[in-house]
Amino acid sequence: RSKFFSSYSTLLDIVQLSSNWLASKSYLYPPVYYVLIQVEQYPIHTNCVTLSDKRDHLNMPRASLNWEMSEHDIHTLLGTLHQFQNIVRKNNLGTFKIVSQLNNSTLIHDYLKVNTLGIGHHMGTTRMGSNEFSSVCDSTGRFWRLKNLFLSGTSLFPRGGVANPTLTAVALAIRNTKLIYDAP
C-alpha cells in the first residue's frame, strides 16, 4: 500500500481526493462538453427509399436509402453553431470549437453523412397527395390503387421532426380506424 494513500481508509476517500486534486488543476484540464443539435430537415424529393437490385436470403429486393442534407439544412446548421459560438464567447463561458470539416465545402457532406444520427425514425416514405401520379395515397392515408388499404404511421409524415413520432402515428391510426369503421 502506498504511503500517500495510507491515511485514506476507503476507496470513496481516494476518489474524493482525486476529484479535488483534478478540480484544483482545472487550468490544466479544462472541462470538455459536446453539443448535440437536433434539426428538422427540409424536404428533398430525391431523399427516398427504393428497392435495390440486391436480394436478401429470401430473394426479396433490399431497400436502398438515398439521403442527403440540402444546402438549406447545412446553412441552418452552420448558422446555429455560429450563433451558439457567439453566445459562449460573449458570456465568457469558455471556447466553443466547430469541427474544421464543417467549414470546408468539399468535406462537409461526407462529414455529415458519417456524423449525423437519424435516431432511427425514417419518416415520409409514402407521400400523401391529390392524385396517384405524385403520391402513394390521399390525405386520409387511403392507397390510390386499393380502396380498402389504408396507410398509417410515420411514413405519411411530410417531413420528420426531432421529437418522438409515436403519439402522432397513434393519432393517425385512430383516425384511420374511425374512417374504416364508418366506411359503407
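Our subject is the structure listed above.
Fair warning: this is a prediction, and the values are worked out from it, not measured in the lab. (Residues numbered from 1 in each chain as written. Predicted model: local features only at pLDDT ≥ 70, side-chain atom pairs only at ≥ 80, totals over all residues. Heavy atoms only, no water.)

Peer 1: Lay out the packing of aromatic side chains in plain terms, naming residues and giving numbers.
Peer 2: Using the criterion set out here, one finds one aromatic pair in the structure. Consider the rings of Phe84 and Phe96, whose centres lie 4.8 Å apart with planes at 80°: the pair is edge-to-face. Highlighted residues: Phe84 in helix 2 (residues 71-90) and Phe96 in the loop between helix 2 and helix 3 (108-115), separated in sequence by twelve residues. Residue Phe84 is classed as partly exposed on the basis of its relative accessible area of 36%. (Phe/Tyr/Trp six-rings, centres within 6.5 Å; stacked < 30°, edge-to-face > 60°. Helix = DSSP H or I, 4+ residues; strand = E, 2+ residues; numbered from the N terminus. Buried < 20%, exposed > 50% of the residue type's maximum accessible area, 1.4 Å probe, protein only.)

Peer 1: Give a detailed account of the nonpolar core, specifying residues and quantitative values.
Peer 2: Ranked by size, the top nonpolar core spans eleven residues in total: Met69, Ile74, Leu77, Leu78, Leu81, Val88, Phe96, Ile98, Leu102, Ile108 and Leu112. Non-local contacts of Leu77, meaning those with residues more than four positions away in its chain, are made with Ile37 and Leu112. Core analysis: the second largest hydrophobic core is formed by six residues, Met123, Cys137, Leu156 and Phe157 among them. (Core = buried A, V, L, I, M, F, W, Y, C linked by side-chain atoms within 4.5 Å. Contact = heavy atoms within 4.5 Å.)

Peer 1: Give a description of helix 2 that names residues and reports values.
Peer 2: With 20 residues, helix 2 should reach 28 Å at 1.5 Å per residue; the first-to-last C-alpha distance of 28 Å fits that figure. Among the residues of helix 2, those classed as buried are Asp73, Ile74, Leu77, Leu78, Leu81 and Val88. In an axial view of helix 2, the angular spread of the buried residues amounts to 125°, which keeps them on one side of the axis. Across helix 2 from its buried face, at more than 90 degrees, point the exposed residues Glu71, His75, Gln83 and Lys90. Looking at the buried residues of helix 2, the elements they touch are helix 3. With a side-chain oxygen positioned 3.3 Å from the backbone nitrogen of His72, the residue opening helix 2 is Ser70. (Expected span 1.5 Å × (residues − 1). Arc of directions from axis to C-beta. Polar contact = N/O pair within 3.5 Å; in protein donor to acceptor, adjacent residues only side chain to side chain.)

Peer 1: Go over the pattern of salt bridges, please, and point to the residues and values.
Peer 2: Under the criterion given, the structure shown has two salt bridges. We note a salt bridge from Glu68 to Lys113, for which the minimum N-O separation is 3.1 Å. Of this pair, Glu68 sits in the loop between strand 2 (61-66) and helix 2 while Lys113 sits in helix 3, and the two are 45 residues apart along the sequence. Using a relative accessible area of 32% as the deciding quantity, one classes Glu68 as partly exposed. Taking the shortest distance from any N to any O, the salt bridge between Arg145 and Glu132 comes out at 3.0 Å. Placement of the pair is Arg145 in the loop between helix 3 and helix 4 (166-182) and Glu132 in the loop between helix 3 and helix 4, with a sequence separation of 13 residues. (Salt bridge = Lys/Arg side-chain N within 4 Å of Asp/Glu carboxyl O.)

Peer 1: Go over the side chain of Asp73 with me, naming the residues and quoting the values.
Peer 2: By secondary structure assignment, the location of Asp73 is in helix 2. With a relative accessible area of 6%, Asp73 lands in the buried category. Among the polar contacts listed, one links the side chain of Asp73 to the backbone nitrogen of Ser70, at a separation of 3.0 Å. In this view, Asp73 contacts Glu40, Gln41 and Tyr42; residues no more than four positions away in its chain are not counted.

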